[in-house]
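Structural description and commentary
Now for the letters of each chain:
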Amino acid sequence: MNADGRTRLHQTPEWKALAKHRDELGEVRLRDLFAADPGRGTGCTLRVGDLYVDHSKHLVTDETLRLLRELAAATGVFGLRDAMFRGERINTTEDRAVLHTALRAPRDAVIEVDGENVVPKVHAVLDEMADFADRVRSGEWTGHTGKRIRNVVNVGIGGSDLGPAMAYEALRAFTDRELTVRFVSNVDGADLHEATRDLDPAETLFVIASKTFTTIETVTNATSARTWLLKALGDEKAVARHFVALSTNAEKVAGFGIDTANMFEFWDWVGGRYSYDSAIGLSLMIAIGPDRFREMLDGFHLVDEHFRTAPAESNVPLLMGLLGVWYGNFMGAQSHAVLPYSHYLSKFTAYLQQLDMESNGKSVDREGRPVAWQTGPVVWGTPGTNGQHAYYQLIHQGTKLIPADFIGFARPVAELSDELAAQHDLLMANFFAQTQALAFGKTPDEVRAEGVPEELVPHKTFRGDHPTTTILARELTPSVLGQLVALYEHKVFVQGAIWNIDSFDQWGVELGKVLAKRVEPALTEGAEVPGLDASTKALVAAYRELRGR
Ligand code: F6P
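Since we're looking at a predicted model, the values are computed, not measured.

**Considerations on the overall build of the protein chain**
For the protein chain, the count of helices and strands is 23 helices and 13 strands. In terms of overall size, the protein chain behaves like a compact globule, its C-alpha atoms giving a radius of gyration of 25 Å where 549 residues would be expected to give roughly 24 Å. By principal-axis analysis of the C-alpha atoms, the protein chain measures approximately 75 × 60 × 60 Å. By the burial criterion, 51% of the 549 residues in the protein chain qualify as buried. Summarising the internal contacts of the protein chain: among those between residues at least 6 apart in sequence, 74% fall at separations of at least 24. Accessible surface, the protein chain as shown: approximately 23,800 Å² in total, 52% of it carbon and sulfur.

Written out as structure tokens, the structure reads:
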């Protein structure tokens, strides 16, 4: 039983019904499903906002989807969803509300945390960000020597890096091309070195992004960035013109030496991996401008409202979450590929890795008991045709079941030359051809009909039945990006709710942080670290020798 008196997930009748259904279905062939239902190609599609979502190429029947929806209802997905939108403290292990949806709520919305409407605070910070972004973009905000800011370097890691870095890349066509915007995350000094080596410190603004302002990588890089700046400008006062902070922790920001007047605030009810539409998006807002940023927020909000209100049968994040449960819990899939056919989405899957894997990489349920079911998948993938010439072979003919999302756009970005825009049809021809080949493969008879010698027939046969979701939009705009991200946020939510895990904490990341701090003196000073295991001790000794210490 769960704490609320409910039966544990794998013992529920709905779970058992799905297991039975899977056994009865036996081998599902997409060719058969399409032959039995000529309307499947149009019938198994949904729309949300600007997104056309085709789920026809999945190893499911109407009955599968019905049983999955019953599982969602029985596991309280909708109740938890409503509690999240209401601002209840559904992140129980950290005793926090989960309100990234408030970050994109309209000005007149009312969302309360502990009796206080948080929406006015959200818009006050957005307005401050817009004012600052406009001043940087117009040249009104200058550096210490009076020079115009031409470079923006975001220093952050995890959610304080991946979101803005991904979105900056995605929306490059909407950015001010006069500005150089870079992202530094790795504590490897090479990252900051490469990001700053060709920049003029007098023209560079550092945006230090850290929810906690205690993350060692970010604080270390920010300290080195300050040293780099002061070496060139020689005056401590320069920090005020060249450093701003994005954080929930004013005390630490002040302690670091950044004037809190130059701090853009957010709140503990915004999870790091759900934060790039908060103040954490400042570097993005400087790049694309406040209006585009607001369009992106509207895109998020549109999908929030869809998730909150659409019936289960047409609720896209619900469907995506349920399909993942089907493959992960009933069909033995271990991973999920996200394959955008857009160069601009080159960082999208990396962003989703944190969103999904940090949220649902859990092995105890909300009550702290080991789960008896699989939880979050390994999320992976890279853009479009590049993957085709690398790892798609394994998806097509390997032994693993890998459900995949294909994301594509009907139009290339407007600024491409006619010649380059013409390449778009070839890109998208690949997009459609891949999902077709993955679904329907090539039978031995089709291979033989091409005159292939018998001994090569097994090698050239494609089984097919590799499930994919196709997400298609007219073009990649700020709003569409917001819609896509919100879709995945809520998909992750649905799965965490069904698995009865806390998708909003990340205790697993803490151990590595603590151990790194403990091991460092062994590397630098050869200090004896109590409790170091034999393998790590030997590795540290080898490192010190190679390092010449
Ligand atoms: O990797 C753990 C983590 O806590 C993430 O959840 C977070 O996004 C990242 O570190 C950065 O944290 P902060 O924004 O506090 O520097």
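On we go.
**A closer look at the pattern of salt bridges**
A full pass over the atoms with the stated rule returns 38 salt bridges. Taking the shortest distance from any N to any O, the salt bridge between Asp95 and Arg89 comes out at 3.9 Å. The exposure class assigned to Asp95 is partly exposed, which follows from its relative accessible area of 46%. Judged by its relative accessible area of 37%, Arg89 falls in the partly exposed class.

**Brief notes about helix 5 (residues 77-86)**
One full turn of an α-helix is made of 3.6 residues, so residues set three or four places apart face in the same direction. Those residues of helix 5 that fall on the buried side of the exposure criterion are Val77, Arg81, Ala83, Met84 and Phe85. Next to the buried residues of helix 5 lie helix 4 (62-74), helix 13 (290-309), helix 14 (316-330) and helix 21 (478-499). Just downstream of helix 5, Gly87 is the residue with a positive phi angle, here 90°.

**Digging into the UniProt feature "active site" (unreviewed entry) in the protein chain**
Within the UniProt annotation, "active site" (unreviewed entry) is assigned to Glu358, His389 and Lys513. Across 156 residues, the annotated set is spatially dispersed, with a maximum C-alpha separation of 36.7 Å. From this annotated list, the subset lining the largest pocket comprises Glu358 and Lys513. Its location among the elements puts His389 in the loop between helix 16 (384-388) and helix 17 (392-397). By the secondary structure assignment, Lys513 is in helix 22 (residues 507-524). In this structure Lys513 comes out as partly exposed when scored by relative accessible area, which is 38%.

Conventions used here
Residues numbered from 1 in each chain as written. Predicted model: local features only at pLDDT ≥ 70, side-chain atom pairs only at ≥ 80, totals over all residues. Heavy atoms only, no water. Helix = DSSP H or I, 4+ residues; strand = E, 2+ residues; numbered from the N terminus. Rg over C-alpha atoms; globule rule 2.2 N^0.38 Å. Buried < 20%, exposed > 50% of the residue type's maximum accessible area, 1.4 Å probe, protein only. Contact = heavy atoms within 4.5 Å. Areas by Shrake-Rupley, 256 points an atom, 1.4 Å probe, with all protein chains shown as cover. Salt bridge = Lys/Arg side-chain N within 4 Å of Asp/Glu carboxyl O. UniProt positions renumbered as here; feature names shortened; annotations may be inferred. 1 Å grid on protein atoms, 1.4 Å probe; cavity = no way out; pocket = protein on both sides within 12 Å on 5 of 7 lines; lining within 4 Å.

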